[in-house]
Amino acid sequence: MNRLPPRPDFEKIEAAAFASADQRTAVLALIGNIVFSWSNNESLLIYVMMLLLDSDETTAAVVFSTLNTTRARLDLIERLSRVNVTDRALAKELARLMDRFNACTRARNEFNHCMYGLDDQGLITHTRSLRLELTRTRLQWGNERPMDEARMQEMTALLRELRALNRDLWEFLPRLQTGVRSLSSKPPQPATATPAARPRQDRPQDRPQDRS
């Protein structure tokens, strides 16, 4: 028989909420800053696309918005880099920056796609993932992680990485601008000659017979 969890004692939690407000404020401030910094970093992908596409900002923003997942945007950047970045060292640096952004994305997603557990004092005690995770032995749902001091230090380190990545992306963009191959400067592709139609050679058996 399916059993629902017990109803939270909302009145007790609300009565104790004032005393635990500092912990919740600290946790939620870290989460808010992570989401804020991550979003600003993702917006810089518009300029990366603009340079790789040899286009203007509006066109790049249209492409960015049309690709409605971060994974699709990173895939496009990787493919455009293979085509239009001739400097291999520059291409590798771009790949490393995108790897760093992808790692930050996975960490940010933990907080965007989870449930937050509270105790009867209103303290945020843990997060519970709202996604399926495949391990070596089984499929599990709802992986729990404690919201302890170590976790908050991890969040602080993530925030530092997001800020450093933002600065590194801004430093990289001018070098990408000079290192990307302009589409207008590409040599024209030779036209493929279409073979001329050969006149049909009638076979003797296909020729009309003179019946006169």
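Anything mentioned here points back to the structure above.
In this report, the structure presented in the accompanying data block is examined. (Residues numbered from 1 in each chain as written. Predicted model: local features only at pLDDT ≥ 70, side-chain atom pairs only at ≥ 80, totals over all residues. Heavy atoms only, no water.)

1. Thoughts on the overall build of the protein chain
Keep this limit in mind: Helix numbers and strand numbers start at the N terminus; a helix is a DSSP run of H or I with at least 4 residues, a strand a run of E with at least 2. Each residue's exposure class comes from its accessible area (1.4 Å probe, protein chains only) as a fraction of the maximum for that residue type: buried when under 20%, exposed when over 50%, partly exposed otherwise. For this analysis, residues touch if any pair of their heavy atoms sits within 4.5 Å. Accessibility throughout is a Shrake-Rupley quantity obtained with a 1.4 Å probe, and a residue counts as covered only by protein chains that appear here.
A count of helical and extended segments in the protein chain gives 7 helices and 5 strands. Counting helices and strands in the order they occur from the N terminus, the protein chain gives α-α-α-α-α-α-β-β-β-β-β-α. Taking all 212 residues of the protein chain together, 30% fall into the buried category. When contacts within the protein chain are restricted to residue pairs at least 6 apart in sequence, long-range pairs at least 24 apart make up 63% of them. Element-wise, carbon and sulfur atoms account for 54% of the exposed surface of the protein chain, whose accessible area totals about 15000 Å².

2. Quick word on the nonpolar core
Condition: To form a nonpolar core, buried Ala, Val, Leu, Ile, Met, Phe, Trp, Tyr and Cys residues must be joined to one another through side-chain atoms within 4.5 Å.
In terms of nonpolar packing, the biggest core is built from 41 residues, with Leu52, Ile77, Met98 and Leu176 touching the most fellow members. Of the residues forming this core, the biggest block, 10 residues, is contributed by helix 7 (residues 149-179).

3. Points about the packing of aromatic side chains
The geometry of two aromatic rings is summed up by the distance between their centres and the angle between their planes. Definition in use: Note on aromatic pairs: the rings of Phe, Tyr and Trp (six-membered ring only in Trp) are paired at centre separations within 6.5 Å, and the planes decide the class, stacked below 30 degrees, edge-to-face beyond 60, tilted for the rest. A ring is considered to have a charge above it if a Lys NZ or an Arg CZ atom is located within 6 Å of its centre and within 35 degrees of its normal.
Going through the model one piece at a time under the given rule, you end up with 2 aromatic pairs. Here the basic side chain of Arg73 rests over the ring of Phe64, its NZ or CZ set 3.8 Å away from the ring centre. Directly above the aromatic system of Trp38 lies the positively charged group of Arg108, at a separation of 3.8 Å from the ring centroid.

4. Quick notes on the pattern of salt bridges
So the rule is basically this: One speaks of a salt bridge when a side-chain nitrogen belonging to Lys or Arg is within 4 Å of a carboxyl oxygen belonging to Asp or Glu.
With the rule as written, the count across this model stands at 10 salt bridges. Here Asp120 and Lys12 are joined by a salt bridge, their closest N and O atoms 3.5 Å apart. Residue Asp120 is located in the loop between strand 1 (114-118) and strand 2 (124-129), and its partner Lys12 is located in helix 1 (residues 10-16); the two are separated by 108 residues in the primary sequence. For Lys12, a relative accessible area of 42% gives the class partly exposed. One salt bridge in this structure joins Arg73 and Glu42, with 2.7 Å as the shortest N-O distance. On the criterion of sequence distance, the pair formed by Arg73 in helix 5 (residues 70-84) and Glu42 in helix 2 (residues 21-43) is long-range, its members being 31 residues apart. On the basis of relative accessible area, Arg73 is assigned to the buried category, the value being 10%. For Glu42, a relative accessible area of 9% puts it in the buried group. By sharing partners, the salt bridges in this structure join Glu110, Arg145, Arg151 and Glu154 into a single network.

5. A closer look at the packing of helix 5 against helix 6 (residues 88-112)
Short version of the rule: Comment: axis = line fitted to C-alpha atoms, over the contacting stretch for helices; angle = value between 0 and 180 degrees taken between N-to-C directions. Oblique is the label for any angle not covered by the other classes, which are roughly parallel (under 35 degrees), roughly antiparallel (over 145) and roughly perpendicular (65 to 115). Each residue gets one of three labels, nonpolar for Ala, Val, Leu, Ile, Met, Phe, Trp, Tyr, Cys and Pro, charged for Asp, Glu, Lys and Arg, and polar for the others, Gly among them.
At a minimum axis distance of 10 Å, the contact between helix 5 and helix 6 shows a crossing angle of 170°. The pairing of helix 5 with helix 6 is recorded here as roughly antiparallel in orientation. Two secondary-structure elements touch here, helix 5 through Thr70, Arg71, Leu74, Ile77, Ser81 and Arg82 and helix 6 through Arg88, Ala91, Leu94, Met98, Phe101, Asn102 and Thr105. Taken together, the residues of the contact of helix 5 with helix 6 sort by class into 6 nonpolar, 4 polar and 3 charged.

6. Thoughts on the sheet that holds strand 1
For clarity, the cut-off: Here a strand pair is declared whenever DSSP counts at least two bridges between the two strands.
A sheet is described by the order of its strands in space; here 3 strands give the open sequence 1-2-5, paired in antiparallel fashion. What marks the edges here is a single partner per strand, and that holds for strand 1 and strand 5 (144-146). Sheet twist, expressed as the mean angle between neighbouring strand axes with direction ignored, is 25°. Note: strand 1 against strand 2, 5 bridges, orientation antiparallel. From the neighbouring strand, Leu118 faces strand 2, where its bridge partner is Ile124. On top of the sheet, helix 2 reaches strand 1 and strand 2; it is set at about 35° to strand 2, its chief contact.

7. Focus: the pairing of strand 2
In this structure, the hairpin formed by strand 1 and strand 2 is closed by a connection of 5 residues, where Gly122 is found at a positive phi of approximately 85°. Direction of pairing for strand 2 relative to strand 5: antiparallel, over a ladder of 3 bridges. Each residue of the ladder has a partner; that of Arg128, found in strand 5, is Glu144.

8. Considering the packing of helix 2 against helix 6
Our working definition: Here is the rule for handedness: rotate from the far helix to the near one, and if that takes an anticlockwise turn smaller than a right angle the crossing is left-handed, while a clockwise turn gives right-handed.
One way to put it is that helix 2 packs onto helix 6 with a least axis distance of 10 Å and a crossing angle of 140°. Judged by the angle between their axes, helix 2 and helix 6 are oblique. Remark: the crossing between helix 2 and helix 6 carries left-handed chirality. Contact residues: helix 2 offers Ile31, Ile34, Val35, Trp38, Asn41 and Glu42, while helix 6 offers Phe101, Cys104, Thr105, Arg108, Phe111 and Asn112.

Worth remembering: the numbers are spatial, not functional.
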